[in-house]
Structure formats: C-alpha cells, structure tokens
Amino acid sequence: MNAPASAPASLRHDWSRGEIEALLALPFNDLLFRAHSVHRAYFDPNEVQVSTLLSIKTGACPEDCAYCPQSNRYDTGLEAEKLMEVEKVLAQAQAAKASGATRFCMGAAWRSPKARDMPYVVAMVKGVRELGLESCMTLGMLTEAQAKELAEAGLDYYNHNLDTSPEYYGEIITTRTYKDRLDTLSHVREAGMKVCSGGIVGMGESQRDRAGLLQQLANLPEHPESVPINMLVRVEGTPLADEADLDPFDFIRTIAVARILMPASHVRLSAGRESMSEEMHALAYFAGANSIFYGEKLLTTPNPQANADMALFQRLGIRPEQREVASAPQVPTPQFYDAAAAH
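Everything numeric here is computed off the predicted structure, so don't read it as measured data. (Residues numbered from 1 in each chain as written. Predicted model: local features only at pLDDT ≥ 70, side-chain atom pairs only at ≥ 80, totals over all residues. Heavy atoms only, no water.)

Novice: Explain the side chain of Asp-209 here, please?
Specialist: Position of Asp-209 relative to the elements: it lies in helix H7 (residues 207–218). At 5.3 Å, Arg-17 is the nearest oppositely charged side chain to Asp-209, a buried residue that forms no salt bridge. Sequence-distant contacts of Asp-209, defined by excluding residues within four places in its chain, comprise Thr-164, Ser-165, Glu-167 and Tyr-168. (Helix = DSSP H or I, 4+ residues; strand = E, 2+ residues; numbered from the N terminus. Buried < 20%, exposed > 50% of the residue type's maximum accessible area, 1.4 Å probe, protein only. Lys, Arg positive; Asp, Glu negative; His and termini not counted. Salt bridge = Lys/Arg side-chain N within 4 Å of Asp/Glu carboxyl O. Contact = heavy atoms within 4.5 Å.)

As structure tokens, then:
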C-alpha cells in the first residue's frame, strides 16, 4: 500500500447539520478535491475492497420499507424463498472467493431472526470464516443476546442501515423506529463486531435530509467501518416506483461528504450501480468510494456484471484490496475487531 499523502487528522463525532450542508453545497471541484485529499490520507486511492452479497432468505418480510421489493405488503412479482441450506451458502462463498471477493455478505429478509434460525446463520458465519473470507450479515433487528452469539461465531461485520434522516424516516418506514435501528447498531458494537451502516439517496428526500443521514452516521460514538451509500432502485409495485431520478452529481456529493466526515471508513457503492455510467463510477472512486458489491445481483435487484467491474478497474488502474483473514477466534478480541489494525 502506498504511503498516505499526509498525516491523517483526528476523527470527529460532533458534526453540525449546518457544517454538513455547507460541505454538500461547495463548488463541485472544491468538494472533490477536499474529499480526495482526505481519502489519500487514509487509504491507497487505487485500491477498492470487493464484497459479494447473497440473499440467504428472500421475500415475505413484514416491514413496510417503501423502497423494498421484499416486503409482503407490495406486489412486486418477487417469489418468496425459505432460508438457504448452509452447504449451498458456503458453495456460493467459495465461488465468490474464486472471483476475487474478500468479504462475503449474507442478507435475510426478516424483521429480526427467530431463535430457530440462529443455529443455521451461526453455521454459515463459521463456514465463511473457515474459507478465509471476511463475513458480514444483515438479518434485521438484533437483541443483545443475538449480537453476542453472532460475534462469538466470528462474524466480522453486521449491516443495519439508517436509510435516511430522522426527520424523513417516517415517510419511508412505519413498522420500526429510528431508535430501533440505533439500538441494533449499539448491540452490534457492544458485542465487539464491526458496523456496516449507511443509507439510501434518491427517495425524494431533500439535501438537508441527506445531511441529516450523514450527521447521524458520523456522530455515532464510533464511525461505522463500512458505509454503504445506496441509490434508489425503483421497483414496480413499491411506493417509490415512480420517484424522480436523482441528479448524479448529488449522489457523488453524498459520497464525497461521507468520505470527509468518516475518513477512516470504507465508503461503499452499493445498490443502484446498474444505472451508473463508467464515468460516474470513476468519479465516485475519486470522491472516496473504496468498496463495492461485486456480482450479477445485489439481493433482489441487478448489479453490474462482475467482469465489467474488473475491466473498468483495469482501465482506471485500480486493484481489488487484498485482505484475507485467518480462522475465526474462539472469543472476539479487541485486536481482531480493531478496524485501524487492518490499515
């Protein structure tokens, strides 16, 4: 890895909404220059972490998230599927590793996992770790006991997005509260796992709402190690199916400000990449995005073909980040879960 361009500044957790709105309003070139300078201070600018995401249980979710085709409240044509067998999940993980992924993420369309589900997801975590991959799961809300059980199995990351600002949240979801989401993040952190948390832009929110989402993430007691920034994928049958297109520059601005506010975090291009041009991808990488989901499908919506990502990486001189992990420890240790130790 190349040496940082300059000594990293200390991390902040006290950003005001006004400060963040001012960053979003900067002239575009000034914002990108600042974000890229921060990015170089913390990361190799020519490395991108590559993850693969698998839906291990699809559809029939009782939540009413307005963007989600997996909700049982909307007729989107999605066929519900039961929890996958452990062996099939591990076969997918092996294939992901062979394709260059270093992290394997597993998502289940649940409000929260039931007790009967936990032995199976624990077995998946252990199996993925034995393959030498980082592991990540998103299973909905977690209790303290469930978070501890996943941590003891060796789960590296838990994903639970905040989605949008506290003020706009009620326009998108009514079946769980903002506090529910923050509580799950707290349980994950207290159990010793790394946090993956971000949001979705393009859902009709204002720029002030985008600032509010980033403020919530940046002012957590510890920054999420991974911050996925999703662009709305409009799905027929969901309440947001006819939402207007988001200005691509507003999306890049969100990436850039996330990089400035959370300089040591991986900022991930997540849902919505299918509709982004190569030029938009390149701008996002320059603005500080350094993680992607890789493969043909992201849960239930399309994702760019894997070989197209690698071809663009080659043209841009970008390398996949190499980060193989050892076998999972029996008990989580501060060293194992210290994000800074990986850089």
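Novice: Looking at this model, I keep getting lost on the packing of helix H3 (residues 86–98) against helix H4 (residues 118–130). Mind explaining?
Specialist: Packed helices, taken two at a time, are described by the angle their axes make and the gap between the axes. Interhelical geometry of H3 versus H4 gives an angle of 30° and a closest axis separation of 10 Å. On the basis of the axis angle, H3 is roughly parallel to H4. Helix-helix and strand crossings are classified by hand; for H3 and H4 the assignment is right-handed. For the pair H3 and H4, the contacting residues are Val-86, Val-89, Leu-90 and Ala-93 in the first and Tyr-120, Ala-123, Met-124, Gly-127 and Val-128 in the second. Within the contact of H3 with H4, the residues separate by chemical class into 8 nonpolar, 1 polar and no charged. (Axes fitted to C-alpha atoms, helices over the stretch in contact; angles between N-to-C directions. Parallel < 35°, antiparallel > 145°, perpendicular 65-115°, else oblique. Left-handed = near helix turned anticlockwise from the far one by under 90°. Nonpolar A, V, L, I, M, F, W, Y, C, P; charged D, E, K, R; others polar.)

Novice: Is there a simple way to explain the nonpolar core in this structure?
Specialist: Nonpolar side chains in soluble globular proteins generally cluster together in the buried interior. Core analysis: the largest hydrophobic core is formed by 92 residues, its most contacted members being Ile-56, Tyr-67, Met-137, Leu-150 and Phe-251. It is helix H8 (residues 248–261) that contributes the most residues to this core, 8 residues altogether. Grouped together as the second largest cluster of nonpolar side chains are 6 residues, Cys-136, Tyr-157, Cys-196 and Phe-293 included. (Core = buried A, V, L, I, M, F, W, Y, C linked by side-chain atoms within 4.5 Å.)

The analysis is restricted to geometry; functional conclusions fall outside its scope.
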